[in-house]
Each structure stands twice: as structure tokens, then as C-alpha cells.
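Remarks on the overall topology
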Amino acid sequence: MSSKNYTAPQCKYAIDGNHIVTDKTVAYKVSGTSMGGILNISPWSTPFQVACSLLGLAREDISGKPAVEAGKILEPVIIGYADRTYGSYGQFLPAEEVFEKRVGDHDAWVSDFDDDVFAGHVDGAVITDKGDDYILEIKTSANLDSWTEGVPSYYYWQVALYNEFISKKDKAYVVLGMMDDIARKNPYCWVPTERNVVMYEMPIARASVEKVLDVVREWYAKFILNGVTPDYDPNNPGDVELFEHLVNLNLD
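What comes next concerns the included structure.

Cut-offs and rules
Residues numbered from 1 in each chain as written. Predicted model: local features only at pLDDT ≥ 70, side-chain atom pairs only at ≥ 80, totals over all residues. Heavy atoms only, no water. Helix = DSSP H or I, 4+ residues; strand = E, 2+ residues; numbered from the N terminus. Buried < 20%, exposed > 50% of the residue type's maximum accessible area, 1.4 Å probe, protein only. Contact = heavy atoms within 4.5 Å. Pairing = 2+ DSSP bridges. Axes fitted to C-alpha atoms, helices over the stretch in contact; angles between N-to-C directions. Core = buried A, V, L, I, M, F, W, Y, C linked by side-chain atoms within 4.5 Å.

The topology assignment puts Q49 in helix 2 (residues 47-54). Residue Q49 is classed as buried on the basis of its relative accessible area of 15%. Excluding residues within four positions of it along the chain, Q49 makes contact with W44, N236, G238, D239 and L242.

Here you go:
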């Protein structure tokens with residue numbers, strides 16, 4: 001039995017060896033959080049798992065997890081702190097002051113940009129005195145080792161994707177709120193200070209980003225538009241668990 005809570009399939013499917021074939025009735029777009037999984041550099045996701053999500057087969061339901069809920073609560077707190085603390089860089093604004101008001105659940109929000117393959121929702125923007133706008137991404141994490149050399153690569157591609165469609169600048173801003181067990185359990189007690197908040201001025205190599213986006217478009221056309229997943233990785237526990245979950249549902 002699966003130890004994870006998966007969403008129900010939204011399409012008909014069949015098992016074909018180590019991959020899955022669907023009836024091609026569902027094809028969600030690639031969001032920034034999917035980029036790391038497709039590129040196989042994410043610690044949480046893989047190409048197989050992303051394909052299952054985009055095809056409406058199944059994805060892990062992480063709503064309600066303490067870390068996720070804490071991130072939602074602290075995002076406006078961190079943006080407000082950044083605006084007060086890093087004002088020399090510009091005005092740090094939440095998305096609701098930059099884009100149209102978002103109504104309903106996160107998955108129902110209209111994308112902040114229009115594209116046939118990609119979609120996404122940014123956390124905010126940094127507006128300079130000259131009127132330049134830069135992407136602002138807010139993260140919370142207890143795994144500080146992954147941030148010692150800058151923004152982790154799996155987050156880089158999320159921000160770089162949004163930048164390519166919205167700001168088209170050579171940098172973006174990522175603000176990290178450092179968490180501990182107490183903050184995760186009771187985020188309302190977390191107070192931002194110079195000791196637990198770090199801002200990264202993240203350079204973006206736009207020429208390289210364009211090439212990678214072309215690779216992702218090819219992946220999307222090969223798998224998602226054809227209604228099939230890549231083979232699952234038998235050495236990845238997450239792939240194995242999801243594949244077996246879908247096999248068992250198919251047998252039922």
C-alpha cells in the first residue's frame with residue numbers, strides 16, 4: 001500500500017512495460033516547480049513523476065503539510081521584511097500588487113504569462129526607481145546546506161523560466177526564510193531578522209535558459225502531447241511507489 005496521498009487519475013490509462021500510456025485527454029502545462037523534475041535535478045521529483053502529474057495520472061497531494069502551510073503563511077511576512085530591509089535595491093512587492101487578483105485554489109489560478117507549454121505564478125517583483133522590474137521569488141527551507149553556494153539549481157530554473165516570460169532581465173531576486181522545527185509547527189511565531197533571512201541577487205544566463213526551454217518543449221511534445229510517460233526509474237523510490245500505485249489501480 002502506498003505511503004503517500006495521491007490525487008485520483010483524471011484519464012484512462014494502460015501499463016506498457018515500464019511506462020504508462022493514456023488516452024491523451026489531459027495535458028497540463030509545465031510550471032516553474034516542474035522544471036527541476038523534468039531536468040532530473042530536483043530532490044523531490046523526476047521526469048516520470050512530472051509526466052504523471054501533467055497527464056492527470058496522479059501526483060502527491062502535499063497540501064496540508066506543515067512546511068507547505070508555513071511557506072504560504074510566511075511569504076507575505078518575508079516580502080514585507082525584504083521591502084523594509086533591502087530598499088536600496090528597489091521596492092519589494094507581492095504578486096497581488098503586480099498582477100491581477102488571484103481567485104480560488106492555487107491550481108486554478110490563471111498563469112502570469114501566456115504560452116502553449118509553460119505556465120506559472122510568481123511570488124512578486126522588485127521595482128527599481130528607474131522602473132525596471134525583476135522577478136521576486138520567496139522560499140522557506142530548513143535545509144540550509146543546499147543554499148551555501150547560492151540558489152539551488154532546481155530553484156534557479158523555476159525563477160529563470162518566469163524571468164524569460166515576464167521580466168527578461170539578466171538577474172532576479174530570491175529571498176530565503178530559514179526555518180526550524182518550531183517555525184514549521186507554528187509559523188505565526190516566526191519573526192524575520194538578519195539572522196534568518198537571506199537575499200540572493202541571482203544572475204541569469206538568458207542564452208542558456210532559451211536552450212534549456214527548447215529541450216523542455218521537446219520533452220513535452222514527445223511525452224505529454226503523445227499521452228505517454230517516460231520509463232519510471234526502478235532505482236528511484238518515488239518512481240517505484242507511484243508506478244506501483246498506478247499498476248494496482250489499473251488492476252482494480
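Before going further, it helps to spend a moment on the sheet that holds strand 7 (residues 197-203). In space, the five strands of this open sheet follow the order 3-4-5-6-7, with mixed pairing throughout. In this open sheet, the two strands that pair with only one neighbour each are strand 3 (91-94) and strand 7. The average undirected angle you get between the axes of adjacent strands in this sheet is 30°. Two strands pair when backbone bridges link them, and strand 4 (residues 124-127) and strand 5 (residues 133-141) are joined in this way by four bridges, in the antiparallel orientation. When the bridges of strand 5 are listed, A125 appears paired with I135. Lying over the sheet, helix 3 (residues 66-85) contacts strand 3, strand 5, strand 6 (171-178) and strand 7, oriented at roughly 135° with respect to strand 5.

So, about the nonpolar core. With 53 residues, the main nonpolar core has V30, M35, L57, F118, W219, I224 and L246 as its most contacted residues. Ignoring any residue separated from it by four or fewer positions in sequence, one finds M35 in contact with V30, F118, W157, L161, V212, L213 and V216. Residues Y86, F92, L136 and A183 belong to the second largest nonpolar core, which totals 19 residues.

The residue S88 is located in the loop between helix 3 and strand 3 in this model. Expressed as a C-alpha distance, the spacing of S88 and T128, which sit 40 residues apart in the sequence, is 8.7 Å.

Time to look at unusual backbone geometry. Peptide bonds are, in most cases, trans, and in most cases residues other than glycine have a negative phi. Not every positive phi belongs to a glycine, and K24 is a case in point at roughly 60°. Checked against the element boundaries, K24 lands in the loop between strand 2 (19-22) and helix 1 (32-38). Even without a glycine there, the phi angle at N40 is positive, about 60°. Mapping N40 onto the fold places it in the loop between helix 1 and helix 2.

Function cannot be inferred from these measures alone, as they are strictly geometric.
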